[in-house]
Amino acid sequence: MASTRAYAVQDAVTPLAPWTINRRDLKPTDVQIQILFCGVCHSDLHTARNEWHNTVYPCVPGHEIVGKVTAVGSQVTKFKTGDLAGVGCLVDSCRVCENCKEGLEQFCANGMVGTYNGNEKDGNGNTYGGYSKSISVHEDFVLHISDKLPLEAVAPLLCAGITTYSPLRHWKIGKGHKVAVLGLGGLGHMGVKLAVSMGAEVTILSHTASKKADAKRLGAAHFVLTSDEAQVKKVKGSFDFILNTVSADHDYNLYLGLLRSNGVMVCVGAPASPAKIPAFNIIFGRKSFAGSLIGGIPETQEMLDYCAEHNIVSDIELIAMKDINEAYERMLKGDVRYRFVIDMATL
Ligand code: NAP
Ligand code: ZN
Ligand code: ZN
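Notes on the structure in this doc start here. Quick caveat: nothing in here was measured; it's all calculated off a predicted structure. (Residues numbered from 1 in each chain as written. Chains lettered and ligands numbered in written order. Predicted model: local features only at pLDDT ≥ 70, side-chain atom pairs only at ≥ 80, totals over all residues. Heavy atoms only, no water.)

For helix H4 (residues 160–170), the buried fraction is high: nine of the eleven residues fall into the buried class. Among the residues of H4, those classed as buried are Ala160, Gly161, Ile162, Thr163, Thr164, Tyr165, Ser166, Pro167 and Leu168. Count one or two residues on from H4 and you reach lysine 172, which has phi positive near 50°. (Buried < 20%, exposed > 50% of the residue type's maximum accessible area, 1.4 Å probe, protein only. Helix = DSSP H or I, 4+ residues; strand = E, 2+ residues; numbered from the N terminus.)

On to unusual backbone geometry, then. With an omega dihedral of -5°, the bond running from tyrosine 57 to proline 58 counts as a cis peptide bond. Note the cis peptide between arginine 337 and tyrosine 338, where omega equals -10°. For tyrosine 338, the location among the structural elements is in the loop between helix H11 (324–332) and strand E17 (339–343). Phi is positive for histidine 53, close to 55°, though the residue is something other than glycine. We classify histidine 53 as exposed; its relative accessible area is 69%. Positive phi outside glycine occurs at asparagine 262, with the angle close to 65°.

This brings us to the pairing of strand E11 (residues 201–206). Counting buried residues along E11, five of its six residues qualify, which places the element largely inside the surrounding structure. With five bridges joining them, strand E10 (residues 178–182) and E11 adopt parallel strand pairing. Within E11, the residue paired with alanine 180 across the bridge is threonine 203. Crossover E10 to E11 through helix H5 (residues 186–197) is right-handed. In terms of strand pairing, E11 meets strand E12 (residues 222–225) through four bridges, oriented parallel. Across the sheet, the residue bridging to threonine 203 is histidine 222, located in E12. Regarding topology, helix H6 (residues 212–218) serves as the crossover connection from E11 to the parallel E12, and that connection is right-handed. (Pairing = 2+ DSSP bridges. Right-handed = clockwise from strand over helix to strand, strands pointing away.)

Another point: the packing of aromatic side chains. Going through the model one piece at a time under the given rule, you end up with five aromatic pairs. Measuring from ring centre to ring centre gives 6.1 Å for tryptophan 171 and phenylalanine 241, while their planes differ by 50°; the resulting arrangement is tilted. Taken as a pair, tryptophan 171 in the loop between H4 and E10 and phenylalanine 241 in strand E13 (residues 239–244) lie far apart in primary sequence, 70 residues in all. Judged by relative accessible area, phenylalanine 241 falls into the buried class, the value being 1%. Cation over ring: arginine 169 sits above tyrosine 306, and NZ or CZ is 5.1 Å from the ring centre. (Phe/Tyr/Trp six-rings, centres within 6.5 Å; stacked < 30°, edge-to-face > 60°. Lys NZ or Arg CZ within 6 Å of the ring centre and 35° of its normal.)

Coordination sphere of the zinc ion (ligand 3), protein contribution only: Cys94 (SG), Cys97 (SG), Cys100 (SG) and Cys108 (SG), at 2.3 to 2.4 Å. As a motif over one chain, the donors of the zinc ion (ligand 3) read C-x2-C-x2-C-x7-C. This pair shows no difference in class: cysteine 94 is buried, exactly as cysteine 97 is. (Donors = N, O, S within 2.8 Å, 3.2 Å for Na, K, Ca; no water.)

Moving on, we get to the side chain of arginine 330. In this structure, arginine 330 sits in helix H11. Residue contacts for arginine 330: discarding those within four places in its chain leaves Glu317, Asp335 and Phe340. (Contact = heavy atoms within 4.5 Å.)

The next subject is the site of ligand 1. If you check the shell around ligand 1, you find 28 residues, and the closest are Ser206, His207, Thr208, Lys211 and Arg339. Separating an oxygen atom of ligand 1 from a side-chain N or O atom of threonine 208 is a distance of 2.5 Å. One of the backbone nitrogen or oxygen atoms of valine 268 is found 2.9 Å away from a nitrogen atom of ligand 1. When isolated, ligand 1 has an accessible area of 920 Å², and the protein chains bury 88% of it. When contributions to the shell around ligand 1 are tallied by element, the ones reaching two or more residues are helix H1 (42–48) and H5. (Near = heavy atom within 4 Å. Polar contact = N/O pair within 3.5 Å; in protein donor to acceptor, adjacent residues only side chain to side chain. Areas by Shrake-Rupley, 256 points an atom, 1.4 Å probe, with all protein chains shown as cover.)

Enumeration over the complete set of coordinates arrives at 17 salt bridges. Close ionic contact of aspartate 140 with arginine 95 constitutes a salt bridge, the shortest N to O distance being 2.9 Å. Of this pair, aspartate 140 sits in the loop between strand E8 (134–138) and strand E9 (143–144) while arginine 95 sits in the loop between strand E6 (90–92) and helix H2 (98–101), placing them 45 residues apart in sequence. On the accessibility criterion, aspartate 140 (28% relative accessible area) is partly exposed. Using a relative accessible area of 31% as the deciding quantity, one classes arginine 95 as partly exposed. A salt bridge links aspartate 335 to arginine 330; the shortest N-O distance between them is 2.8 Å. (Salt bridge = Lys/Arg side-chain N within 4 Å of Asp/Glu carboxyl O.)

Okay, the side chain of glutamate 64 next. Here glutamate 64 lies in the loop between H1 and strand E4 (65–72). The class for glutamate 64 is buried, based on a relative accessible area of 0%. Reaching out from glutamate 64, the side chain makes a polar contact with the side chain of arginine 339 at a distance of 2.8 Å. The contacts of glutamate 64, once residues within four sequence positions are left out, are Phe37, Cys38, Gly39, Val40, Cys41, Val87, Ala155, Pro156, Leu158, Cys159, Ala160 and Arg339.

Printed below as a string of structure tokens:
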């Protein structure tokens, strides 16, 4: 066991604070990574505060991990010491169920193991995430990271990137599609960049007027302020696809009304309360109300390679580990352009 510095929450109401965890001894198939940067996802906050009612404490959040390989087990073939490496939202799965065989490990029928707040398959208990100095992960769940892009801005691709890339690919979004991205936060701004890169005409639907200034730079063709009824009315029945990234409770029906016939709204945002949707709102216009969860390991590698090729990274604000609690408060207020990333040298 290697004692490792980390930041943890001990319950749903106490702020994150320094804590020491024990990382497992390196297994023959493990890659040990020195964590250099870790992105701050809104799921970290939902989990730290037990908003999904499933948090096991103490909890060390963080699943947008990038760093350097410091050791490899004797059977590791895909990585060597010194390589750049990434870890996203999952660190293990059964490998033998239908979903795992298809590379959809996030839907493992026997339960995928989350990078944090997950249950280790070998019975070693709760997993601890990236708000820490190092992590050891089976090589099958470690991603290759290009050295062409700024490493700190690559970190958010491991969750925000794949979570938006995967549904855009699944619904074959490209040229000729009118796409709206609802909520311009960590996920949303990656959704805009990726959908634009795939050739779609992208509209940002945001309840924050000041974000309009960034629309053009991110590549969006239009910006609609969702609190302005007149602006919303103008885009009624106009989108083929809405990527809904909103983290808080909101009225899904308003946005279903912005889809044209056969349109799809994919929810990736995971507010605490259930959605209330009258069947008529999807019956008329044969609309689809869908969801998507991160992405499997092969698709995550595909997304990282795609971003390296197309020069796509996250817009980030680098923070020190000690400022994490303030970052959570600012994220809740929408005061982040567009992803906090923790510099692990400060831990
Ligand atoms: P984030 O950076 O906080 O962005 C969320 C955005 O939602 C905000 O920037 C804001 O955009 C909008 N929003 C927030 N409160 C709102 C309100 N009261 N009414 C309307 N809009 C509001 O969060 P994130 O990291 O992108 O994560 C977004 C959600 O996706 C979270 O629920 C997270 O847990 C979930 N998630 C899901 C997956 C998955 O696999 N499905 C993966 C990662 C994260 P505007 O200011 O532009 O309106
Ligand atoms: Zn996440
Ligand atoms: Zn499986």
